[in-house]
Amino acid sequence: PERGEYAEYAHADIEFVEGRDACEVLERQAAATIALFERFGDAGGGISYGEGKWTVKEVLGHLADDERIFAYRALCLARGDRRELPGFDEKLYVAGARFTALPMSFLLEDYQAVRGSALTLFRGLSPEAWLRRGVVNGYPATPRGLAFHIAGHELRHHRVLLEHYVPLLESRPAGRTS
């Protein structure tokens, strides 16, 4: 996507996305995301790398919430809805959820369902619908830009998990669950 199809704050994340077909990118990325979170399992799902930082399970829940919202925004724009779409407070959403109480298998199932739904939405869009413009949270956007935003946002969380969470997982004594 071009600048002006997504929030400027997302540009650095979108730069990490490899590929030009959003559906192919999102499908390929899902396998990597599942494999990354499966490394943690339930035993590592409660890991957090600092005070006020989300647990692994909260990160996964956040990814599903974020994708739901961005796919809904893409749907609205693709269908020609001209209303400005509101923002959301991701911290409030995580605080209002119970991700840490849910099994990792459930959170992964939810993530896969959300990704599958987003993919069927995006695969059904016409070339014109991909480029319909609207305003999301105060910035201009297209469904194409929002699809790449989903991918870039997820890659940012991959990097954080690999840099901050995986070392904590690997440094824990065998058998330790928290």
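Structure report, in brief. None of the values given here were measured: they were computed from a predicted structure. (Residues numbered from 1 in each chain as written. Predicted model: local features only at pLDDT ≥ 70, side-chain atom pairs only at ≥ 80, totals over all residues. Heavy atoms only, no water.)

1. Quick word on the overall build of the protein chain
If you tally the helices and strands in the protein chain, you get 7 helices and 2 strands. The linear arrangement of helices and strands in the protein chain, starting from the amino end, is α-α-α-α-α-α-β-β-α. Over its C-alpha trace the protein chain gives a radius of gyration of 17 Å, about what one expects of a compact globule, namely 16 Å for 178 residues. Looking at the protein chain as a whole, 49% of its 178 residues are labelled buried. In the protein chain, the proportion of contacts linking residues at least 24 apart, taken out of those at least 6 apart, comes to 79%. Carbon together with sulfur atoms contributes 52% to the accessible area of the protein chain, which is approximately 9200 Å² in total. Mean positive and mean negative side-chain charge positions of the protein chain (22 and 26 charges, respectively) differ by 1 Å. (Helix = DSSP H or I, 4+ residues; strand = E, 2+ residues; numbered from the N terminus. Rg over C-alpha atoms; globule rule 2.2 N^0.38 Å. Buried < 20%, exposed > 50% of the residue type's maximum accessible area, 1.4 Å probe, protein only. Contact = heavy atoms within 4.5 Å. Areas by Shrake-Rupley, 256 points an atom, 1.4 Å probe, with all protein chains shown as cover. Lys, Arg positive; Asp, Glu negative; His and termini not counted. Charge placed at Lys NZ, Arg CZ, Asp CG, Glu CD.)

2. Side note on the side chain of K57
Within the secondary structure layout, K57 lies in helix α3 (residues 56-78). Owing to a relative accessible area of 7%, K57 belongs among the buried residues under this scheme. Looking at K57, its side chain comes within polar contact range of the side chain of D42, at 3.4 Å. Those residues in contact with K57 that lie beyond four places of it in its chain are D42, G45, F99, T100, L102, P103, M104 and L107. (Polar contact = N/O pair within 3.5 Å; in protein donor to acceptor, adjacent residues only side chain to side chain.)

3. Details of unusual backbone geometry
Unusually for a residue other than glycine, N137 sits at a positive phi of about 50°. If you trace the backbone, N137 turns up in the loop between β1 (134-136) and β2 (139-141). With relative accessibility at 44%, the residue N137 sits in the partly exposed group.

4. Notes on the layout of surface pockets
Each pocket or cavity is described by its volume, and for the largest pocket that value is around 480 Å³. Elements that contribute at least two residues to the lining of the largest pocket include exactly α3, α4 (90-96) and α7 (143-171). With 6 residues, α7 is the single largest residue contributor to the lining of the largest pocket. Per-class residue counts for the lining of the largest pocket are 8 nonpolar, 7 polar and 6 charged. Elements with a contribution of two residues or more to the lining of the second largest pocket: α2 (22-44) and α7. Looking at the lining of the second largest pocket residue by residue, the classes come out as 8 nonpolar, 1 polar and 3 charged. (1 Å grid on protein atoms, 1.4 Å probe; cavity = no way out; pocket = protein on both sides within 12 Å on 5 of 7 lines; lining within 4 Å. Points joined across faces, edges and corners; volume = space filled by probe spheres on them. Nonpolar A, V, L, I, M, F, W, Y, C, P; charged D, E, K, R; others polar.)

Nothing here speaks to function; it is geometry throughout.
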